[in-house]
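Per-entry structural report
Residue-level listing of the chains:
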Amino acid sequence: MSNATLKARSASLENVLFTVEQHELTPNRAILTDCHFGGQYASAIYCPSMNKVLHLAGSSYKLVSNEALVSPIISKLDSTFGKDGYKIRAWNEDDRRFSIQFILIDSVLKVTNKDYLNAMIEVQNSYDGTLRHSISLSFYRQICSNGLMGYRKEAQVHQKHNNDPLPNLDIILNRLDALDDNLREFRKLTERRITAKEIEEIMKRLREQKGDTFPKRIIEEVPLKLYEEAEALHTEPSAWLLYNSFNGILNHDQRVGLAMDVKERVDRGVLDTIKLQLAIN
């Protein structure tokens, strides 16, 4: 499957909570009655409103719908933070891979002057078996509407298909009490000033990397974004602004045709390279 096919689009919550069904491919099945299937397929994941087959699954696959996963989480967040205590952003990749982000309005970290982060709970799920459904604690940068993907896995709970999501959500909510640890990590990056030579060395290392890497054709635009943001914030170039320049392009540039999980790996790779090159522990 191509990355272009999997390019995520911003979606309303309703657009990711559509009804989806799992149909066993038995002789008396209600759908795909004119089709024959190989023995590796045991069921079809089907959306009736779109008349669309989303996945052909093996015998071990158990469907967990977005509705079943997200509804109890929304109820929990409503009781904990209030209905106006969070904002929701959702992403949809070809109606089969999803990210739902709950940005906590009152859980704010001030990284530097004019640069604030909100704690964000992110839920991922897929109907094609390519993403394990998970709940994680991440961060949302207010100044440019970016999710800090490189930090997502540090507080992530993967779920089995038959698990109740709420115990895992409780683990994430408990981690909100330790956000100062994350703030110290962010400030290490903000305090590390960087030179033009160091920026070029990091760019060189990233260009040399193989596999899931930052798109080479637009990597030269990163320093310009860095200097523009430093000027807007009346500060000097830093490791924090360099990371967020890469992150901003990954989040918003339409030329980046990468699936959500690939973007996340690229973002984490950029962050790791910056820390390594600048000896930030």
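Residues numbered from 1 in each chain as written. Predicted model: local features only at pLDDT ≥ 70, side-chain atom pairs only at ≥ 80, totals over all residues. Heavy atoms only, no water.

Inspection of the secondary structure assignment puts L131 in the loop between β7 (115–126) and β8 (134–141). Residue L131 is classed as buried on the basis of its relative accessible area of 10%. C-alpha separation for the pair L131 and N168, spaced 37 residues apart in sequence, amounts to 17 Å. Residues within four places of L131 in sequence aside, it is in contact with R97, Q124, N125, S126, M260 and D261. (Helix = DSSP H or I, 4+ residues; strand = E, 2+ residues; numbered from the N terminus. Buried < 20%, exposed > 50% of the residue type's maximum accessible area, 1.4 Å probe, protein only. Contact = heavy atoms within 4.5 Å.)

Applying the stated criterion across every chain yields a total of zero disulfides. With no disulfide of its own, C35 lies 17 Å from the sulfur of C47, the closest cysteine sulfur. (Disulfide = S-S within 2.5 Å.)

One can find F37 in the loop between β2 (21–24) and β3 (43–47). The spacing of F37 and L56 is 19 residues in sequence and 9.4 Å in space, taken between C-alpha atoms. Once residues within four sequence positions are removed from consideration, F37 is found in contact with L25, R29, L32 and L56.

This part covers the packing of aromatic side chains. Summed over all chains, the structure comprises nine aromatic pairs. When the ring of F139 is compared with that of F186, the centres are 5.2 Å apart and the planes differ by 85°; the resulting orientation is edge-to-face. A residue pair is termed long-range when its members are at least 10 positions apart, and F139 in strand β8 and F186 in helix α3 (residues 179–191) qualify at 47 residues. With respect to burial, F139 and F186 carry one shared label: buried. The rings of F139, Y151, F186, W240 and Y243 are connected pair by pair, giving a single aromatic cluster. (Phe/Tyr/Trp six-rings, centres within 6.5 Å; stacked < 30°, edge-to-face > 60°.)

Looking now at the nonpolar core. Membership of the largest hydrophobic core comes to 74 residues, with the highest contact counts inside it found for F102, I121, F186, F214, L242, F246 and I274. In terms of residue count, helix α6 (residues 239–252) provides more of this core than any other element does, eight residues in total. (Core = buried A, V, L, I, M, F, W, Y, C linked by side-chain atoms within 4.5 Å.)

Moving on, we get to helix α7 (residues 260–277). The first and last C-alpha atoms of α7 sit 26 Å apart over 18 residues, in line with the 26 Å expected at 1.5 Å per residue. Taken together, the buried positions of α7 are M260, D261, V262, K263, E264, V266, D267, V270, L271, T273, I274 and K275. Elements that come into contact with the buried residues of α7 comprise β5 (86–93), β6 (97–112), β7, α3, α4 (196–208) and α6. Backbone geometry just after α7 places A279 at a positive phi near 55°. (Expected span 1.5 Å × (residues − 1).)

With that out of the way, let us pick up the side chain of T190. Mapped onto the fold, T190 is located in helix α3. A distance of 3.0 Å separates a polar atom in the side chain of T190 from the backbone oxygen of R187. Ignoring any residue separated from it by four or fewer positions in sequence, one finds T190 in contact with V111, T112, S238 and W240. (Polar contact = N/O pair within 3.5 Å; in protein donor to acceptor, adjacent residues only side chain to side chain.)

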